[in-house]
Amino acid sequence: QLARIQTDSVVEMLRELYPDLHFEIVAMSTTGDKILDTALSKIGEKSLFTKELENALERNEVDLVVHSLKDLPTSLPPGFTIGAVCKRENPFDAVVFHPKNCGKTLSLLPEKSVVGTSSLRRAAQLKKKFPQLEFRDIRGNLNTRLKKLDEKEDFGAIILAAAGLKRMGWENRIGQLLSPEDCLYAVGQGALAVEVRAKDQEILNMVSVLHDADTVLRCIAERAFMKHLEGGCSVPVAVSTTLKDGQLYLTGAVYSLDGSDSLKETMQTSVCYPQQNEEGPDDDLQRVGITAKNIPAQALEAAENLGVELASLLLSKGAKHILNVARQLNDAH
């Protein structure tokens, strides 16, 4: 349902921009939708929610695919690119409480309360902050997870992305928003991506109008950070970005699975550059899977470099070891 709402919202924007075009929505399900009894971090398949959709793109059965950006790997398969990153919804994580805990916050939950989350990143940060709580895996789409929370007594609360809840119209269920001080968010969280065939210039030009420059720059920095760290679903990597007065700030962190070991740093760079119309060999330049010709190339490059530099800084301080241990522990469980 959420995927459908997200797709409809993108098609709605395109219909307004291109009233003469006909848009047909094709619904599909993916491996990630079918395997619901295994933790995401255990399945180990990078393109869990994207492979079937990309096959359809490749066979020209569809022309564009709408994803949550956080589901897309930092390197796309050859022949594909992210042609648009739409304006980001709130990227924070949100706590939804069991009706009996209504009005509480995480810190006020009774000791040994069980909190559900399918994310190693959320669990690692919150275990450290709330050692009195227990964190347990919960999978399934948003509807399923909320049902599990409300109808059973297994969970005192669950953690979800605020963006998904807002898009579903369930904002009233948010009991607590976790600011980056509480919990840094996932790379690309809250942003929608439109994936297209990299060589399909017509479609690429059509969807590029949906690019939100601030969101693109923030997400390129976040994705470059993750890519340089070689992070993925199976290790806790988290970020937070802001863009203010032409300065892009990126905070990035890596965690051990229980959150006891972590590294966190912040860096900034200027992304204030004029747009230059240079038609050259760099036409099809992708940055961490994103093609954005209508945003100044120097700004995109600065954002990507920021992510790489921050990752390099963390690696120089021992991030590799933390991530390797997290990966091994996760694989062993």
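Because the structure is predicted, anything quoted here is derived from the model rather than measured. (Residues numbered from 1 in each chain as written. Predicted model: local features only at pLDDT ≥ 70, side-chain atom pairs only at ≥ 80, totals over all residues. Heavy atoms only, no water.)

**Things to note about the state of the cysteines**
Where we set the bar: Two cysteine sulfur atoms make up a disulfide if the distance between them is within 2.5 Å. Buried means the residue's accessible area, taken with a 1.4 Å probe over protein chains only, is under 20% of the maximum for its type, while exposed means over 50%, and partly exposed covers the values in between.
Applying the stated criterion across every chain yields a total of zero disulfides. Take C86: it sits in no disulfide, and the sulfur closest to it among the cysteines is that of C219, at 11 Å. In this structure C86 comes out as buried when scored by relative accessible area, which is 4%. As a non-bridged cysteine, C272 has C219 as the owner of its nearest cysteine sulfur, 19 Å distant.

**Topic: the environment of S107**
For the record, the criterion: Elements are defined by DSSP. Helices are runs of H or I of four residues or more, strands are runs of E of two residues or more, and each kind is numbered from the N terminus. Contacts are assigned to residue pairs with any non-hydrogen atoms lying within 4.5 Å of each other. Any pair of nitrogen or oxygen atoms within 3.5 Å is treated as a polar contact; in protein, a donor-acceptor pairing is required on top of that, and neighbouring residues in sequence qualify only through side-chain atoms on both sides.
For S107, the position within the fold is in the loop between β3 (93-97) and β4 (114-116). Sequence-wise, S107 and L133 are 26 residues apart; in three dimensions their C-alpha atoms are separated by 8.9 Å. Not counting residues up to four positions away in its chain, the partners in contact with S107 are F130 and Q132. Among the polar contacts made by the side chain of S107, one reaches the side chain of T105 at a distance of 3.1 Å.

**Brief notes about the sheet that holds strand β10 (residues 247-255)**
Our working definition: Any two strands are treated as partners once DSSP identifies two or more bridges connecting them. Note on geometry: axes are lines fitted to C-alpha atoms, helical ones only across the stretch in contact, with angles between N-to-C directions running from 0 to 180 degrees.
In space, the three strands of this open sheet follow the order β9-β10-β11, with antiparallel pairing throughout. Edge positions in the sheet fall to β9 (237-244) and β11 (262-270), since each has one partner strand and no second. Sheet twist, expressed as the mean angle between neighbouring strand axes with direction ignored, is 15°. Examined bridge by bridge, β10 and β11 share nine bridges and lie antiparallel to one another. In the strand pairing of β11, A253 is matched with K264. Running at roughly 150° to β9, helix α9 (residues 213-229) makes contact with β9 and β10 of the sheet. Against the sheet, helix α10 (residues 297-316) makes contact with β10 and β11, and its axis sits at roughly 150° relative to β11, the strand it touches most.

**Structural notes on the sheet that holds strand β2 (residues 80-85)**
One key point about sheets: their strands pair by backbone hydrogen bonds, in either a parallel or an antiparallel sense. Across the sheet, which stays open at both edges, the three strands sit in the order β1-β8-β2 with antiparallel pairing between neighbours. The strands lining the two open edges of the sheet, one partner per strand, are β1 (65-68) and β2. If you compare each strand with its neighbour and ignore which way they point, the axes differ by 40° on average. As paired elements, β2 and strand β8 (residues 192-197) share five bridges and run antiparallel to each other. Across the sheet, the residue bridging to T81 is V196, located in β8.

**Some thoughts on the pairing of β1**
In β1, alternate side chains face the same way, and those of V65 and H67 on one face and V66 and S68 on the other are all buried. Alignment of β1 against β8, held across four bridges, turns out to be antiparallel. By the bridge assignment for β8, H67 is matched with A193.

**Description of the domain arrangement of the protein chain**
What counts here: Domain start and stop points were drawn from an automatic or database domain assignment. What counts as a salt bridge is simple: a side-chain nitrogen of Lys or Arg found within 4 Å of a carboxyl oxygen of Asp or Glu.
What the domain assignment lists for the protein chain is domain 1 (1-90 + 187-332) and domain 2 (93-177). Computed from C-alpha atoms alone, the centre-to-centre distance between domain 1 and domain 2 is 25 Å. Facing 33 residues of domain 1, the contacting portion of domain 2 comprises 21 residues. The tally of links between domain 1 and domain 2 comes to one salt bridge.

**Re the environment of L323**
Looking at the secondary structure, you find L323 in helix α11 (residues 319-332). Residue L323 is classed as buried on the basis of its relative accessible area, which comes to 2%. Measuring from C-alpha to C-alpha, the distance between L323 and Q132 comes to 25 Å, with 191 residues separating the pair along the chain. Ignoring sequence-local partners within four residues, the contact set of L323 consists of L229, V235, P236, V237 and V254.

**Focus: unusual backbone geometry**
Positive phi, close to 50°, is recorded for D245, a residue that is not glycine. Since its relative accessible area comes to 74%, D245 is described here as exposed. Phi is positive for V288, which is not a glycine, with a value near 40°. Structurally, V288 is set in the loop between β11 and α10. Residue class for V288 comes out buried when judged on its relative accessible area of 5%.

**With respect to helix α5 (residues 120-129)**
Counting buried residues along α5, seven of its ten residues qualify, which places the element largely inside the surrounding structure. Listed in full, the buried residues belonging to α5 are L120, R121, R122, A123, A124, Q125 and L126. Capping the start of α5 is the job of one residue whose side-chain oxygen sits 3.2 Å from the backbone nitrogen of R121: S119.

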